[in-house]
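Coordinate analysis (summary)
Next come the chains, spelled out residue by residue.
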Amino acid sequence: MNKIHSWEEFKSIDTANPFYFLKNSTTCPISQSAYEEAEKFAEDHPDMPFYFLNVQESRPLSNQIADEFNIKHESPQIFMFSNNKVLYHDTHWSITYSALMDQAKKHVS
């Protein structure tokens, strides 16, 4: 998983293919669980690009993503992006390995 800190870094991600993006809180137990699920998925699927931010370190980026894609900020929060569009997003306890797998099967050829 690659940590992103700024809007410029986020915009430099190649969006031609789907990728996951996780908003993580370093102080929330639910976020810790979501991070672990995401990390395991990313390790098992190295061909699927996976990025994240820690909200406490990158609040401006977190807010910019919420504004740009018109999706209320939550933490933890997962997105699948492709071609500058959100294909999927979910939050909290819904961020599981199996949910990530289901979405990958649905959106990645």
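Here's a quick rundown of the structure. All values reported here derive from a predicted model rather than from experimental measurement.

On to the overall build of the protein, then. Check the secondary structure of the protein and you find 4 helices and 5 strands. Along its sequence from the N terminus, the protein presents helices and strands in the succession β-α-β-α-β-α-β-β-α. A globule of 109 residues ought to have a C-alpha radius of gyration of about 13 Å, and the protein, at 12 Å, matches this closely. The principal-axis extent of the C-alpha atoms belonging to the protein is close to 35 × 30 × 20 Å.

This part is about helix 2 (residues 29-44). With 16 residues, helix 2 should cover 22 Å at 1.5 Å per step; its first-to-last C-alpha distance of 23 Å lies within 8% of that length. Within helix 2, burial applies to S31, A34, Y35, A38, F41 and A42. Looking down the long axis of helix 2, one finds its buried residues gathered within 130° of arc, a one-sided arrangement. Opposite the buried face of helix 2, by more than 90 degrees, sit the exposed residues P29 and E43. In this fold, the buried residues of helix 2 make contact with strand 2 (19-24), strand 3 (50-54) and helix 4 (97-107).

A few words now on the packing of aromatic side chains. Applying the stated criterion to the full structure yields 14 aromatic pairs. Through successive ring pairs, a cluster of aromatic residues spans W7, F10, F19, F21, Y51, F69, F79 and F81.

Reading guide: rules and limits
- Residues numbered from 1 in each chain as written.
- Predicted model: local features only at pLDDT ≥ 70, side-chain atom pairs only at ≥ 80, totals over all residues.
- Heavy atoms only, no water.
- Helix = DSSP H or I, 4+ residues; strand = E, 2+ residues; numbered from the N terminus.
- Rg over C-alpha atoms; globule rule 2.2 N^0.38 Å.
- Expected span 1.5 Å × (residues − 1).
- Buried < 20%, exposed > 50% of the residue type's maximum accessible area, 1.4 Å probe, protein only.
- Arc of directions from axis to C-beta.
- Contact = heavy atoms within 4.5 Å.
- Phe/Tyr/Trp six-rings, centres within 6.5 Å; stacked < 30°, edge-to-face > 60°.

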